[in-house]
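Chain by chain, the residues run as shown.
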Amino acid sequence: MIINLKNKIKLYLRMFKLFKSELIKFIEQKFAGHDLSRLINEILIVKGYTTKLSPPGPDEGVDILAGYGPLGFSSPSICVQVKSSPTPVDVRIVRELEGVVKTFKAEHGLLVAWGGINSKAEQEMSRSFFSIRLWDQDKIVEELIENYEKLDDSLKAEIPLKRIWTFVEDPD
């Protein structure tokens, strides 16, 4: 019975990795450029934030302003910088976000970097542990899956996912 359970777990993990890989490809194609900012904005809204999404084009270093609660005045207040490029972000972007957080008098910064960050940016992020967080590809997919059911129907129509149920064997 335990061997069978281990095999099932391995199968489910392989299936999840395949699903995640397909979802990553889908997001890369469907949410390039400013559309990734739009996706992140919607995720923040369902997490309880009031947001202001910058229009496409120059954005003064901030793609989304987010404050918690119905009016957005509760803590935390966040400046979000979104980079949809598949290449890692460099330290310059992290430093720009640090400055933008101060300029907008926000409490925190969120760097959304689809391609991740390079080693110098990682070092800078570790020095900014208490003020800046990173959402990379894996974290974006995790947040999307976790919050999918609460997303607006129009966005769910753009990301057509379906929950799959399976039987759970009684371990006894």
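The notes below deal with the structure included here. (Residues numbered from 1 in each chain as written. Predicted model: local features only at pLDDT ≥ 70, side-chain atom pairs only at ≥ 80, totals over all residues. Heavy atoms only, no water.)

A closer look at the sheet that holds strand β5 (residues 132-135)
Rules: Strand pairing requires that DSSP identify at least two bridges connecting the strands. Numbering of helices and strands runs from the N terminus; a helix is a DSSP stretch of H or I covering at least four residues, while a strand is a stretch of E covering at least two. Geometry is summarised by axes, namely lines fitted to C-alpha atoms with helices restricted to the contacting stretch, and by angles between N-to-C directions that run from 0 to 180 degrees. In this analysis, two residues are considered to be in contact whenever any of their non-hydrogen atoms come within 4.5 Å of each other.
Spatial ordering of the open sheet is given by β1-β2-β3-β4-β5, a layout of 5 strands whose pairing is mixed. Lying at the two open borders of the sheet, with one neighbouring strand each, are β1 (49-53) and β5. Put simply, the sheet's adjacent strands are angled 20° from each other on average, direction ignored. The sheet contacts of helix α5 (residues 137-147) involve β4 (108-113) and β5, and relative to β5 the element is tilted by about 80°.

So, the pattern of salt bridges
Threshold: We define a salt bridge as a contact between a side-chain nitrogen of Lys or Arg and a carboxyl oxygen of Asp or Glu at a distance within 4 Å. A 1.4 Å probe rolled over the protein chains alone gives each residue an accessible area, and that area as a share of the maximum for its type sets the label: buried under 20%, exposed over 50%, partly exposed in between.
Across all of its chains, the model carries 12 salt bridges by this definition. Across the salt bridge formed by Asp35 and Arg38, the nearest N and O atoms sit 3.3 Å from each other. A residue pair is termed a helical-turn pair when its members lie 3 or 4 positions apart in one helix, as Asp35 and Arg38 do in helix α2 (residues 34-46) at 3 residues. Residues Arg38 and Glu158 are paired through a salt bridge, measuring 2.8 Å at the closest nitrogen-oxygen approach. Of the two residues, Arg38 sits in helix α2 while Glu158 sits in helix α6 (residues 153-158), which places them 120 residues apart along the sequence. What makes Arg38 partly exposed here is its relative accessible area of 24%. Put simply, Lys47, Lys139, Glu142 and Glu143 are held in one network by salt bridges that share partners.

Side note on the nonpolar core
Operational definition: Here, nonpolar core refers to any group of buried Ala, Val, Leu, Ile, Met, Phe, Trp, Tyr and Cys residues whose side-chain atoms link them within 4.5 Å.
Of all hydrophobic cores here, the largest spans 27 residues; its most connected members are Ile27, Leu39, Ile40, Val80 and Leu144. Breaking this core down by element, the ones donating at least two residues are α1 (2-30), α2, β2 (64-68), β3 (74-83), β4 and α5. At 6 residues, α2 tops the list of elements feeding residues into this core. Ignoring any residue separated from it by four or fewer positions in sequence, one finds Ile27 in contact with Ala32, Leu36, Leu39, Trp114, Val141 and Leu144. Counting residues in each nonpolar core, the second largest holds 15 residues, with Cys79, Val89, Val94 and Ala113 among its members.

Here's the deal with α5
Put simply, the test is: What the arc measures is the spread of directions leading from the helix axis to the C-beta atoms.
The set of residues buried in α5 consists of Ile140, Val141, Glu143, Leu144 and Asn147. Along α5, the residues classed as buried sweep out an arc of 165° about the axis, all on the same side.

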